[in-house]
Amino acid sequence: MRPWDKHPTEFATIIGPLLDVVEQITDLKVVPNERIATIKQPPFVSYYPLVIDDPVFGDATFNDGLFEATISLDAFATTINAAMQTAGDLRVYLFDLYTRQLLRRDAHLVVREATAPQTRSITGLPFKTVHHTGFDLTIQYYRNFKSPIDTIASVADLTINPNKEG
C-alpha cells in the first residue's frame, strides 16, 4: 500500500456533520456555493470553504495535530429581513453551549469564532429577487494520519559498550 492511496484530508468527513447541524438549525437546504445557480428558489443556506487544514501550532506536523478551517455560510432569502434573521440565528445557535457540545461529541470539532453577519452580493442567479447575509465560521479539528511506512518500534539484542571503540 502506498501512502497516497488513502485520503488524509477528507474534508467532507470534517465539514459534513457541521452542515447537518446547520440544516437542523435553519430547517433549510444547505448547498455548496458552486450549486447556488441550480437552486430554483430561496430560502437556502450555502457554504464555501475559505481555508482548510491550517495548522493551529506553527510546529505541527501535517500528519498529526490540531487544524483549523474557515467556512463561509450564507443565508439566501426573498427578503433582507429573512436573510438577516436566518444568518443571525444560525450564528447564535452555533455558539450555543448545546450545539457546541453536540459538535464536539459527535463531529469531533470545535467552533472557534465567527465574523459578524453581513449583507453580501451575488449576481447571475436564476431567480429574480434575492437577498443574502452571511458570516465566516472558524472550526478546529484533530487529524491523525498514519503512514503505512514501516517504523522501528524496538531493537532486540542491542548492547552498547561505552569502553570499546570500533
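Just so we're clear, the structure is a prediction, and the values are computed from it rather than from any experiment.

(A) The nonpolar core, seen in detail. Counting residues in hydrophobic clusters, the biggest one holds 27 residues, and the most contacted among them are Leu18, Ile71, Leu73, Leu94, Leu103, Leu137 and Ile139. Elements with a contribution of two residues or more to this core: helix H1 (11–26), strand E2 (44–55), strand E3 (64–77), helix H2 (80–94), helix H3 (97–107), strand E4 (109–114) and strand E6 (131–144). With seven residues, the top contributor of residues to this core is H1. For Ile139, the contacting residues outside a window of four places in its chain are Ile14, Leu18, Phe67, Glu68, Ala69, Ile71, Leu109, Val110, Val111 and Arg112. Of all hydrophobic cores here, the second largest spans six residues; its members include Val31, Phe44, Phe76 and Val130.

(B) Examining H1 more closely. Over its 16 residues, H1 extends 22 Å from the first C-alpha to the last, a length consistent with the 22 Å expected when each residue adds 1.5 Å. Asp27 occupies a position one or two residues after H1 and carries a positive phi of about 60 degrees.

(C) Summary view of the pairing of E2. Examined bridge by bridge, strand E1 (residues 30–32) and E2 share three bridges and lie parallel to one another. Opposite Pro32, over in E2, you have Tyr47 as the bridge partner. The pairing of E2 with E3 spans nine bridges and is antiparallel. If you follow Tyr48 over to E3, its bridge partner there is Ser72.

(D) Summary view of the pattern of salt bridges. The final tally for this structure, using the stated rule, is one salt bridge. With a shortest N-O distance of 2.8 Å, Asp106 and Arg105 are connected by a salt bridge. Since its relative accessible area comes to 46%, Asp106 is described here as partly exposed.

(E) Broad picture of the packing of H1 against H2. For the pair H1 and H2, interaxial distance at closest approach is 10 Å and the crossing angle is 125 degrees. The angle between the axes of H1 and H2 places the two elements in the oblique class. The crossing of H1 and H2 is right-handed. Touching Leu18, Val21, Val22, Ile25 and Thr26 of H1 are Thr86, Leu90, Tyr93 and Leu94, all from H2. Of the residues that constitute the contact of H1 with H2, the class distribution is seven nonpolar, two polar and no charged.

(F) Expanded view of the environment of Gly65. As for its placement among the helices and strands, Gly65 is situated in strand E3. In this structure the C-alpha to C-alpha distance between Gly65 and Tyr142, which are 77 residues apart in sequence, comes to 5.7 Å. If we skip the residues at most four places from it in the chain, Gly65 touches Tyr141, Tyr142 and Arg143.

(G) Molecular detail of H3. The set of residues buried in H3 consists of Thr99, Leu102, Leu103 and Ala107. Angularly, the buried residues of H3 cover 95 degrees about the axis, an arc narrow enough to put them on a single face. Residues of H3 that are exposed and point over 90 degrees away from its buried face: Leu97, Tyr98 and Arg105. If you follow the buried residues of H3, they end up packed against H1, H2 and E4. Between a side-chain oxygen at the N-terminus of H3 and the backbone nitrogen of Tyr98 the separation is 3.0 Å; the capping residue is Asp96. Positive backbone phi, at 60 degrees, marks His108, one or two positions downstream of H3.

Definitions and limits used
Residues numbered from 1 in each chain as written. Predicted model: local features only at pLDDT ≥ 70, side-chain atom pairs only at ≥ 80, totals over all residues. Heavy atoms only, no water. Core = buried A, V, L, I, M, F, W, Y, C linked by side-chain atoms within 4.5 Å. Buried < 20%, exposed > 50% of the residue type's maximum accessible area, 1.4 Å probe, protein only. Helix = DSSP H or I, 4+ residues; strand = E, 2+ residues; numbered from the N terminus. Contact = heavy atoms within 4.5 Å. Expected span 1.5 Å × (residues − 1). Pairing = 2+ DSSP bridges. Salt bridge = Lys/Arg side-chain N within 4 Å of Asp/Glu carboxyl O. Axes fitted to C-alpha atoms, helices over the stretch in contact; angles between N-to-C directions. Parallel < 35°, antiparallel > 145°, perpendicular 65-115°, else oblique. Left-handed = near helix turned anticlockwise from the far one by under 90°. Nonpolar A, V, L, I, M, F, W, Y, C, P; charged D, E, K, R; others polar. Arc of directions from axis to C-beta. Polar contact = N/O pair within 3.5 Å; in protein donor to acceptor, adjacent residues only side chain to side chain.

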